[in-house]
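A closer look at the structure
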Amino acid sequence: MKETAYWTWFIIAALVIFVIAGLHMVVMHLPMFGVFNPESGAVTDWGNVAFRSKNQFLAFTYIILLGAVLYHGFYGLRTIVFELGPKKSFQDGFTVILWIVGLVLFGIGTYAAIAAKALETAL
Amino acid sequence: MANKQFDNHLGIVGWLGGGRWGVERYLYILQRLTGLGLLLFFMMHIFASSVRICGPESWAAAMKILKNPVLKLGEFCVFVLFSFHALNGIRLILIELGLAVGKAEEPVYPYKSSLNNQRPLMVIAMVLVAIIIIAGGYNTIFGSH
Ligand code: HEM
Ligand code: HEM
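Here goes a summary of the coordinates provided. Since this is a predicted model, take the numbers as computed values, not measurements.

Digging into the site of ligand 1
The immediate surroundings of ligand 1 are formed by 25 residues, with H72(A), R32(B), H85(B), A86(B) and E96(B) found nearest. Around ligand 1 the close residues trace back to chains A and B. A distance of 3.4 Å separates an oxygen atom of ligand 1 from a polar atom in the side chain of W7(A). R32(B) has a polar side-chain atom sitting 2.7 Å from an oxygen atom of ligand 1. The element contributing the most residues to the shell around ligand 1 is helix α4 (residues 69-96) of chain B, with 8 residues. Here the residues of the shell around ligand 1 sort into 15 nonpolar, 8 polar and 2 charged.

Overview of the coordination of the iron atom of ligand 2
Surrounding the iron atom of ligand 2 are the protein donor atoms H24(A) (NE2) and H45(B) (NE2), which sit 1.9 to 2.0 Å from the metal. Considering all 6 donor atoms around the iron atom of ligand 2, angles at the metal cover 87 to 179 degrees and the coordination shape is octahedral. Pair noted here: H24(A) is in helix α1 (residues 2-29) and H45(B) is in helix α2 (residues 23-50), and the two residues belong to different chains. Judged by its relative accessible area of 27%, H45(B) falls in the partly exposed class.

Conventions and cut-offs
- Residues numbered from 1 in each chain as written.
- Chains lettered and ligands numbered in written order.
- Predicted model: local features only at pLDDT ≥ 70, side-chain atom pairs only at ≥ 80, totals over all residues.
- Heavy atoms only, no water.
- Near = heavy atom within 4 Å.
- Polar contact = N/O pair within 3.5 Å; in protein donor to acceptor, adjacent residues only side chain to side chain.
- Helix = DSSP H or I, 4+ residues; strand = E, 2+ residues; numbered from the N terminus.
- Nonpolar A, V, L, I, M, F, W, Y, C, P; charged D, E, K, R; others polar.
- Donors = N, O, S within 2.8 Å, 3.2 Å for Na, K, Ca; no water.
- Tetrahedral: all angles 85-135°; square planar, octahedral: opposite > 155°, others 65-115°.
- Buried < 20%, exposed > 50% of the residue type's maximum accessible area, 1.4 Å probe, protein only.

Written as structure tokens, this is what we have:
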């Protein structure tokens, strides 16, 4: 039952990533649509990056995206590793390690998204 | 890490090679490989994109490195991996949730569900992937970005 719930979250995370990272890809790789790129020049020019970092909606979606991608990606990695048939003790330890690494990366990314938003006043 | 307990347990060889395959079986390997590639990229991406909190000079210095043609190509590859994984993933979800498998039927050859429902869905997904990759590639080569 617990594994079914983990898998359901994996699929929900995939749908969340599809929407938010889909938008991120349009912003970064299909700039002809002009989404969230107010300045001419490259999408990664400071003016555009600072504009997006200040945007409350984008900062919020980045934090959601961080959680969704880390969960989906690590769950996927876990499935692949478990399919190779490791011992139960290895499986448990591996799951704990993935949770720790995932939470640390989530913390770093969230800090960056919030700090980048706060930069606004300093610029 | 092959498990000796089960004689049909092939470990890594099992998901890389499995006998006579249809197209979908290859897409399954690609789904895994692109997923792992994206995960690797994403872990680096968290640190790379965080450089923006150090201000415009540090950001510009980091972006200068990314202007390197090899890294530009790498960035485009991430876009390709993402486009494939995303659309093939939606296809898999539609099938796994039973939304794209057609009505239940006796499994008599030729299998109607895979021919009339699953195969066209796969073709549509791959055509969309191709269109998106071409649009992104056009931007990478000809765009000012
Ligand atoms: C764009 C939205 C995405 C969708 C719709 C999606 C969907 C899927 C689906 C349906 C699977 C197959 C799992 C199964 O058949 O049960 C999968 C596997 C996987 N995904 Fe994603 N995914 C997305 C984004 C990502 C991203 C950004 C990453 C990387 C961080 C990722 C990493 C993985 C990995 C490692 C697997 C392999 C797991 C396995 O084969 O069981 N995915 N994804
Ligand atoms: C190669 C293509 C990509 C490029 C050029 C790119 C570029 C960027 C840039 C410049 C930022 C800084 C914020 C901003 O300017 O708005 C950023 C942040 C972010 N990107 Fe990407 N990105 C790419 C692919 C991806 C993918 C595939 C994902 C996830 C599946 C992703 C997820 C994120 C997240 C979650 C953040 C916020 C990180 C944070 O604030 O901690 N990116 N990206």
